[in-house]
Structures are given as C-alpha cells and as structure tokens.
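# Report on the structure
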Amino acid sequence: MAPEKDFEIAIIGGGIAGATLAIALKNHGIKCQIYEQGHAFSEIGAGVAFSPNSLSAMDVCDKNLRGAFEKVATHNQWPSKKNVYFDVMDGTPDFYGRDQTEPIFTLENEQGQNAVHRAHFMDEISKLIPIETCHFRKHLDSIAEDEKMEKLRLTFHDGTSAEADGVVGCDGIKSRVREIIVGEKHPSAKAKYTHMYGYRGVIPMEKAVDIIGEERATNSCVWIGPNAHILSYPVDGGDTYNMFAAVCDTNEWPDEDHLTLPAKKEDAIKDFANFAPAIKKKLTMVEDNLDRWALFDLGDNPVPYMHKGRVAIMGDAAHATTPHHGAGAGFCIEDSALMSAILGDERVKKPADVEAAFAAFDASRRERGQWLVQSSRRNSELMDFRAKDVGRDLKKIEKEMKERFGKIWNYDINGAINDAKGDLGKRLAKMSRA
Ligand SMILES: Cc1cc2nc3c(=O)[nH]c(=O)nc-3n(C[C@H](O)[C@H](O)[C@H](O)COP(=O)(O)OP(=O)(O)OC[C@H]3O[C@@H](n4cnc5c(N)ncnc54)[C@H](O)[C@@H]3O)c2cc1C
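- In the nomenclature of an unreviewed UniProt entry, the protein corresponds to FAD-binding domain-containing protein from the organism Neoarthrinium moseri.
- As its UniProt record puts it under Pathway (unreviewed entry), the protein is described as follows: "Secondary metabolite biosynthesis."
- UniProt, in the comment section headed Sequence similarities (unreviewed entry), describes the protein in these words: "Belongs to the paxM FAD-dependent monooxygenase family."

## A few points about the packing of aromatic side chains
- For the structure shown, the criterion picks out 14 aromatic pairs.
- When the ring of phenylalanine 50 is compared with that of phenylalanine 69, the centres are 5.5 Å apart and the planes differ by 90 degrees; the resulting orientation is edge-to-face. Residue phenylalanine 50 is located in strand E3 (residues 47–50), and its partner phenylalanine 69 is located in helix H3 (residues 63–72); the two are separated by 19 residues in the primary sequence. Here the two residues phenylalanine 50 and phenylalanine 69 agree in accessibility, since each one is buried.
- Each ring, one from tyrosine 193 and one from tryptophan 253, has its centre 5.5 Å from the other, and the planes form 50 degrees; the classification is tilted.

## Details of the sheet that holds strand E9 (residues 152–156)
- Taken together, the three strands give an open sheet; going across it, the order is E8-E9-E10, and neighbouring strands pair in antiparallel fashion. Edge positions in the open sheet fall to strand E8 (140–145) and strand E10 (161–164), since each of these has one partner strand only. Sheet twist, expressed as the mean angle between neighbouring strand axes with direction ignored, is 25 degrees.
- Two elements, E8 and E9, share five bridges in a ladder whose sense is antiparallel. Of the residues in E9, the one forming a bridge with serine 142 is threonine 155.

## A few points about the site of the ligand
- Every one of the 32 residues lining the ligand counts as a neighbour, but Glu36, Ala49, Arg118, Leu140 and Asp316 are closest to it.
- One of the backbone N or O atoms of isoleucine 16 is found 3.2 Å from an oxygen atom in the ligand.
- For the ligand, an oxygen atom lies 2.6 Å from a polar atom in the side chain of glutamate 36.
- About the coverage of the ligand: the protein hides 85% of its 1,000 Å² of free accessible area.
- Elements with a minimum of two residues in the shell around the ligand: helix H1 (16–27), E3 and helix H11 (328–343).
- Counting residues per element, the shell around the ligand draws most heavily on H11, at four residues.
- When the residues that make up the shell around the ligand are grouped by side-chain class, the tally is 14 nonpolar, 10 polar and eight charged.

The rules we used
Residues numbered from 1 in each chain as written. Predicted model: local features only at pLDDT ≥ 70, side-chain atom pairs only at ≥ 80, totals over all residues. Heavy atoms only, no water. UniProt positions renumbered as here; feature names shortened; annotations may be inferred. Phe/Tyr/Trp six-rings, centres within 6.5 Å; stacked < 30°, edge-to-face > 60°. Helix = DSSP H or I, 4+ residues; strand = E, 2+ residues; numbered from the N terminus. Buried < 20%, exposed > 50% of the residue type's maximum accessible area, 1.4 Å probe, protein only. Pairing = 2+ DSSP bridges. Axes fitted to C-alpha atoms, helices over the stretch in contact; angles between N-to-C directions. Near = heavy atom within 4 Å. Polar contact = N/O pair within 3.5 Å; in protein donor to acceptor, adjacent residues only side chain to side chain. Areas by Shrake-Rupley, 256 points an atom, 1.4 Å probe, with all protein chains shown as cover. Nonpolar A, V, L, I, M, F, W, Y, C, P; charged D, E, K, R; others polar.

The following block contains the structure:
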C-alpha cells in the first residue's frame, strides 16, 4: 500500500465508475469519500459484459477488484466458444425463408466473453470499499470554493455539506458535476436521445435452451439486421440468459426525465417484423410487460474538457455512450485505473497538485472516451445495415467491426499511464515555475 497523501477526494456517484475509483484510490493510499444519491450501491438492468481492456484495467486498479469480478463472472458455456466474444449472425431470413443459424463471422479475443449480473458484481465490489467512507442519500447540488480558496465545499439536496480537496463526478449520464463544469446552458450539459431504444430481458436458462437451443442460448451471439439488432450472453454461472434488443426510432423520446417507459412484448416482436422467425421466437421469451430503454449519449455535443480546476468527471458523466460496443462500463474502469495512477503518483502530494493531475487525466482520456461514443454509434449503423457505403455488405461489416473492437480491446493501459505521468511531470514543473 502506498503512503497516504495530504489531500482528500470526494467521489460523486456510486455506480461502476465511482465504486471502482474508490477501490483504486484506496489501493494508492488516497483518502476519499463517496457520495451517492441512492440508499445503497445498486445497479439496474441485468448483464454487463467486459472485454480484455477492462480486465487489464481492473488489475491496475486493484488485484482484489479483478478477484471480486472473477467470483461472479460467467463465460461462454461451451469449451469450443472459449475465445468467442460474439458470434455474429445475420438475423434476416435467407433466400429460402429459413433462419440463418451459422455465424457470418466471429469476434474473438483471448479472454472470450466475460459477463456479470450487474447487481452481483456491485455486491462483490462494494465489499472492497470501507463503509465509513460511503455516504448514501446524498444528492449533490453544488460545488464552490471556500472563502480561503483552499477547500471545495459540496452542498447536498438534504441541506448538508462536506469538504474535499478535489471532486470527481462519477454521476452518470445526467451528471450534475458535468453541468457544474461546463455550465448548465452548454450543449454538452445534457445527453441527447440517439433515436434508438432497447429492450432488456433475463430469462431462466432452461427456458431459453428449450426455445432457441443450447448453442445459441448458452453462448454469446448477436443477430444483426435492418434497423435493429439483438444480442445475448449467459450470466449467473450459466443459469440465466441475458438479452438486449436495440431498435432504431424515427420519433423523439417523449419524456426526457424518464429514460425508461413501459412497453409490451408485442411491441418488441413488432419491432423485429423484418427478422427471421427464430428471432421473433427469442422475443416470445420476455415478460408480457417490459421496459423500453431510451439510448442517450453525448455524441452530438462532446464535453470541451473533463475537468475544471480541482473538479473532474469520468465514466458516463464524461463520455456517455450508447451500448453498441458493450464498452461503457469497461471505459469507466479504464478511467479509474488512470485517474488513481495519476493521483497516486509520488509527485502529487498536496491539494494544489490535484489540478495538474486532473489536467493530465483529461489529456489522456478525453480522445479515447469520445472516440468510443462515435464508434458505438457507427457500430450500430453497421449492425443495422444502415452504414453509409456499407449497407448489408457482410464482408465490409466484418472488416470494420473487427477493426473497431480491436481498438477497444488492444488498449495499453500501462503505456497510457506512463505517458500521462510524463505529461503530469511537465504540468507540475510549469506550476512550480509560475
Ligand atoms: C442497455 C445497456 C447495456 C450496456 N451494456 C454494457 C456492457 O455490456 N458492457 C459495458 O462495458 N458497458 C455497458 N453499458 C454501459 C454501462 O452500463 C455504463 O457505461 C456504466 O454503467 C456507467 O457507469 P457510471 O458509474 O459512469 O454511471 P452510472 O451507472 O449511471 O452511476 C452513476 C451514479 O451516480 C449517482 N448520481 C447521479 N447523480 C447524482 C448526484 N447529483 N449526487 C449523487 N449521486 C448521483 C446515481 O445514483 C448512480 O448510482 C450498457 C449500457 C446500457 C444502457
């Protein structure tokens, strides 16, 4: 364990970004407090999948984080699918009206598919965060410098306040900290509807095997097709089949305050009218009443900076993305690895150094985070046969998807940390000359 530093960080939000950052900071001997508006750490939705870059980032944050993840991780159930991230299938019926059952190509890497049930993952990782540093039912309203401009004063909705030397907003897609940094009127203050929504389903594995067969139910695959795609992978040690169906939408989202709205199973089946009968059969497995999840992102209005002074943002707060690369949570963990390594650098000693550390974090992470947001949009265009100059050209789709996933998976987190530390050194030197 590294020696303790002479500053304290406040983390706003206890999702995957905030929780993994708290664990990583503790590992670097940095004091932090976490303020979460909910009454506990909790995650909604079902599965979340992690690719090799996320696993390497977990190792950098704290070996115990990787250990906690492995306790609840589920992989493809067939040994022959060990390296498969997703088998990619054409979801449209072929010339003869049959369902296409063989993959058109496979996205593969050395780690294969690594998925967890969100709630189980959160239960495991929250055990690594000292309870006395967790403050629940604390909704952040404002951040201001104190009279001596030494401490940052955080004010919460319940009228209480707290102090810190640096603040990291991990408060997700509707981030208050982002609003504070860029200004409420700035276009990036609010994420926008991407004209796509999704349905999520978790189904007992036995039922899924009965309906779609063992190979497709117990191993990860994605069916692509016109204006929609549907993916699935096993979670809960293989006991549960986790499914997500994404659909293009020409309408506006009717209620920006609510990212989910009620829908019926028939709506989902109707959305996949142009797909093969086997796909519609998959959708018969979901509950009669389900939620329709709006997909918002920061793609049209990326943030101009990810920190201002000693206040920074990371995770969805900084680069809210659609889920078409299945990488938003993985990028949260990359952010945590880099942020903790920079703040943990031996040259970052006192409160005044925190600003230089945040600037080095921003310089290192902004481009990659914002690339993900754009690439995720493009990936859904590819999967939904609406990418310009590509359409339903399956060879072109394969080539471009493999390139894009390769860029996500082959990230050198240790190299990025070394580079960011070089940058940090220059910033600290400049500060000491000023
Ligand atoms: C359908 C879907 C599927 C996905 N699948 C994957 C996948 O397979 N793999 C992957 O890597 N990513 C996936 N993602 C993306 C991933 O879920 C997100 O990128 C990730 O969960 C974001 O985590 P976060 O901690 O930044 O934000 P959040 O999870 O939104 O957490 C923010 C936290 O901050 C709290 N908060 C908000 N405002 C305040 C405030 N003012 N004061 C105090 N607390 C506050 C909230 O209560 C919340 O707990 C998916 C996303 C979707 C929508």
